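In case you want the letters, here they are:
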Amino acid sequence: MLGAPAKERLLQILRILEGEEREFTSAELETLTGWPSHTIRKDISFLPKTEDDETVDTGRFSAGTSSGYAPRTLVPLIREALCLDRRRKFCVAGLGRLGSAYLNLDSAALGEFILAAGFDTNVNRVEILKSQAPLYPAHKMGEVIRRLDIEMALLCVPAETAQGAAEKLAAAGIRGILNFAPAIITVPPEITVRNVYVRDELLALSIKMT
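Residues numbered from 1 in each chain as written. Predicted model: local features only at pLDDT ≥ 70, side-chain atom pairs only at ≥ 80, totals over all residues. Heavy atoms only, no water.

A. Highlighting helix α10 (residues 159–172). Taking 1.5 Å as the rise per residue, α10 with 14 residues should run 20 Å; its terminal C-alpha atoms sit 20 Å apart, in good agreement. By the burial criterion, the buried members of α10 are A162, A165, A166, L169, A170 and A172. In the core, the buried residues of α10 are packed alongside β1 (88–93), α9 (141–148), β4 (152–155) and β5 (176–179). Two residues or fewer past α10, G173 is found with a positive phi of approximately 105°. (Helix = DSSP H or I, 4+ residues; strand = E, 2+ residues; numbered from the N terminus. Expected span 1.5 Å × (residues − 1). Buried < 20%, exposed > 50% of the residue type's maximum accessible area, 1.4 Å probe, protein only. Contact = heavy atoms within 4.5 Å.)

B. Structural context of the state of the cysteines. Under the criterion given, the structure shown has 0 disulfides. In this structure C91 is not part of a disulfide, and its nearest cysteine sulfur, from C156, lies 9.7 Å away. For C91, a relative accessible area of 0% corresponds to the buried category. Judged by its relative accessible area of 10%, C156 falls in the buried class. (Disulfide = S-S within 2.5 Å.)

C. Structural detail: the sheet that holds β1. Taking strand neighbours across the sheet as the criterion, the 6 strands line up as β3-β2-β1-β4-β5-β6 in an open arrangement whose pairing is parallel. Looking at strand neighbours, the two that pair on one side only are β3 (135–137) and β6 (192–195), the edges of this open sheet. Strand after strand, the sheet turns through a mean of 25° between neighbouring axes, direction not considered. Relative to β6, β5 is paired through 4 bridges, and the arrangement is parallel. Bridge pairing in β6 places I177 opposite V193. (Pairing = 2+ DSSP bridges. Axes fitted to C-alpha atoms, helices over the stretch in contact; angles between N-to-C directions.)

D. Summary view of the nonpolar core. Ranked by internal contacts, the top residues of the largest apolar core, which has 27 residues, are C91, I145, L155, L169 and I177. Among the secondary structure elements, those contributing two or more residues to this core are β1, β2 (113–120), α9, β4 and α10. Here the element with the most residues in this core is α10; it accounts for 6 residues. Apart from residues lying up to four places away in sequence, I177 is in contact with A153, L155, A166, L169, I185, V187, I191, T192, V193 and R194. One finds L2, I44, L47 and Y69 within the second-largest nonpolar core, a separate group that totals 19 residues. (Core = buried A, V, L, I, M, F, W, Y, C linked by side-chain atoms within 4.5 Å.)

Dropping the structure here:
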């Protein structure tokens, strides 16, 4: 069973391996990630086994070999284990400077994620902004999210309105929120929240630099 730390490690390994053709040893992955090679091998050993006889016979996903891990085989297994083998829709709630910056992200950069909608309380902003996805006034959030089957949201509103916006997203059926607002939000436990605070990240970086 993969725990949250193992999933985070596998996600970073996935980012390293995607688009690569050569094999990577666990020692190389240790250098690139900073995690011990034995931890990396243990994480990979929990991945679902492949029907590729060559991979199974070498025991590559249980102990690794001198030739390393093949991205063509390992990448699909990591994606399957992390439930990244299907496309998911997301929306942007709050279209100020930060939120509007996400409206025209390159679809290639988004990968398996689809920007399906944007919302803002300012109707004029909704009408003026250019976007690859349709934009709606905030009062239509519930109807649109349900109709388009949107699962995730980028919350890019001011701190003072973050809790209210998060509650509306939760009521609309959003399952995951990436919170960019500098505020703690409270939502039902079945909704996953990741907080992205620039100051906190700078503090963490500063601590590591000392």
